[in-house]
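Structural features, examined
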Amino acid sequence: MSLDNTGPQNTGPQNTGAGTDGTDAAATAATRGRHSSAAEAVPDSGATETTLPDTMVIATISADADATVIAVANAWLGQDPDPETQAELRLLLRGAGDGDAAALAELHDRFDERLAFGTAGLRGAIAAGSNRMNRVLVGQAAAGLAAFLKQTTAPGRVPSVVIGYDGRKNSQVFATDSAAIMAGAGVRAILLPRLLPTPVLAFAVRHLDVGAGIMVTASHNPPQDNGYKVYLGDANQGSQIVSPDDAAIAAEILRVAAEERVPDLPRAPYETAPESVVQAYIDATAGLAARPRVQVNTVYTALHGVGWDTTRRVFEAAGFDLPTLVDAQIAPDAAFPTVSFPNPEEPGAMDLAYETAREAGAELIIANDPDADRLAIAIPQEGFPGYRRLSGNEVGAILGWRAAELAASVTGDGGATGTLACSIVSTPALEAVAKAYGLRFTDTLTGFKWVSRAPDLIFGFEEALGYLVNPESVRDKDGISAAVALLSLVSELKAQGVTLAQHLDHFSERFGHFASGQISVRVTDLTEIERVMTRLRETPPAFVGTLAVDHIDDLSAGFNGLPPSDVLRLRLADGSRVMVRPSGTEPKLKVYLDTSSSVGTVAERRAAAEATLAELDRGMHELIA
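As the structure is a prediction and not an experimental result, all values here were calculated from the model. (Residues numbered from 1 in each chain as written. Predicted model: local features only at pLDDT ≥ 70, side-chain atom pairs only at ≥ 80, totals over all residues. Heavy atoms only, no water.)

So, on to helix α9 (residues 275–286). Spanning 12 residues, α9 covers 17 Å between terminal C-alpha atoms, matching the ideal 16 Å at 1.5 Å per step. Here α9 has its buried residues at Val277, Val278, Ala280, Tyr281, Ile282, Thr285 and Ala286. On its buried face, α9 is in contact with α7 (198–207), α10 (307–318) and α15 (479–495). (Helix = DSSP H or I, 4+ residues; strand = E, 2+ residues; numbered from the N terminus. Expected span 1.5 Å × (residues − 1). Buried < 20%, exposed > 50% of the residue type's maximum accessible area, 1.4 Å probe, protein only. Contact = heavy atoms within 4.5 Å.)

Here is the structure:
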């Protein structure tokens, strides 16, 4: 278990079941029968019961399990249309047949379970097997989603889907396979015209008024991964899926896996969306910004993703000068050659942007992750050379303040109306803004599938660099619209002679200084996370370091209208807060630390909040060690 402490800040695939994927149901049933007969010798009438030695039983079960996985892998090979994954699977089967223990273990890892389809869709490494991302798994997912749409589409409406894809390996292949299979199933399937950012797909679901959307992307995951995000239209208004729809779609996918072979699924021609869909997104997004009174010297990086072309067109339409580019990271490249992880939160990911900004004397750095649904911002460090990346909480707080100001300006004397929303692990600063402006505030479970569903939403965010500034157009985090909103804010401030750093101080002066930190514990054994969560529940701490715990909220059974979630919220006597939860996308335990101070000058507030944060950090390291 390794600790990755991101430090105080100022404002792997999940699996389910031991499935054979239905690739050979008869063989599976026969094998299961052999498991039973191997473990127990069932006597005939009048026969003497025989008990096998434990070691023999284990060996027999192991041999049967090996035979099963080899049979399942062979059946999978028979329906795999991808020459690359075919070749790697043949190599593993050949090795297993020759007695290679490592090859056999790899087959078990790939086939004993399958990638779970949940609210985040599918995400995993590209390779052969039911526990990997590949054309067989994607074909089953497309057919299952098509069946769900045909069952749930309202009478008088045609089942329909729009499909987008980014620049990762196999993204276009997975997207075109999905479009052909869904069209063959009787669903109107529309493919976006080229590789595009995730926000364009989320926009297209609403713009085209379709029943669902699919985005083929693994966002900021490692290069070997890909994924499959699903949105629903109609009553869901283009948000990502939530329960119970995820379970219903998953059930249809499993049914297809059990009853159908991917090569036998009917395929049909599909539509290609016109470029006017992309232009409509650009127009709507550029409209979020006032025409700039002054320009801002900006650097931009796409981190080898698909964000730049669309971002460029948005900036131009909004009247902004084009930024200086991090040339080595601007073009889509599925290998992400200049970064270890294509995530702007990861250490080193923005080093080239900092270098470019120093050379250009930039006032602002804008970074999108590879599918451009997240935004990172960096500003010059006051009194020091170099740049400081703002935390997601800092950016969320100032964009929320901007949204509140805009709402107040629109409604005039009647006061601002609408809802500010953020995830339960994001800073309490947004709630302070909502209270100050008389707006409603909602905190939700982690993920924009929840944030985007807040009633009367005018702005939402989560601390992991996700912001929703245009809920009328997009019901998901959108790193491009957030970038133009932030750039517009910086331009307005510059016209007033104020820097973004000074604006953050003004926030602290008006609402209090909020300090946040995070601890990430990466594990190789997921039971380590379970043990920590169980220990905190069964032996709740009275103190975090020297700070007294007032009470603990266990969200596992739901809490105050929130759906059940494996989250613990520690409320401390001084008003600080600690959130503990397993990551939903990685093998990590995540701890979120938040505190604030409203006493004294801005400098005194900052010092007090950061001192408390340091004590929370020290105490939680001890509790989860």
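Back to the write-up after that little detour.
Looking at the element boundaries, leucine 322 is found in the loop between α10 and β12 (324–325). A relative accessible area of 41% places leucine 322 in the partly exposed class. Sequence spacing of leucine 322 and threonine 298 is 24 residues, and the spatial spacing of their C-alpha atoms is 7.9 Å. Excluding its chain neighbours within four sequence positions, the residues that come into contact with leucine 322 are Trp308, Arg312, Phe315 and Glu316.

Moving on, we come to the side chain of histidine 220. Position of histidine 220 relative to the elements: it lies in the loop between β7 (212–216) and β8 (225–232). By relative accessible area, histidine 220 is classed as buried at 14%. In this structure the side chain of histidine 220 is engaged in a polar contact, spanning 3.2 Å, whose partner is the side chain of serine 219. At 3.2 Å, the side chain of histidine 220 forms a polar contact with the side chain of arginine 374. Contact partners of histidine 220, with chain neighbours within four places excluded, come to Arg168, Pro342, Asn343, Asp369, Pro370 and Arg374. (Polar contact = N/O pair within 3.5 Å; in protein donor to acceptor, adjacent residues only side chain to side chain.)

Attention shifts here to helix α5 (residues 135–152). End to end, α5 covers 26 Å across 18 residues, agreeing with the expected 26 Å (1.5 Å per residue, within 8%). Burial runs high along α5: 14 of the 18 residues are buried. If you check the start of α5, you find a side-chain oxygen 3.2 Å away from the backbone N of valine 136, and it comes from asparagine 134.

Here we take up the packing of α5 against helix α6 (residues 171–184). Relative to each other, α5 and α6 sit at 40 degrees, their axes nearing to 9 Å. Here α5 is positioned oblique relative to α6, judged by the angle of their axes. For the crossing formed where α5 meets α6, the hand is right-handed. Residues Arg135, Val138, Gly139, Ala142, Ala143, Leu145, Ala146 and Leu149 of α5 lie in contact with α6, whose contacting residues are Val173, Phe174, Asp177, Ser178, Ile181 and Met182. Taken together, the residues that form the contact of α5 with α6 break down as 10 nonpolar, two polar and two charged. (Axes fitted to C-alpha atoms, helices over the stretch in contact; angles between N-to-C directions. Parallel < 35°, antiparallel > 145°, perpendicular 65-115°, else oblique. Left-handed = near helix turned anticlockwise from the far one by under 90°. Nonpolar A, V, L, I, M, F, W, Y, C, P; charged D, E, K, R; others polar.)

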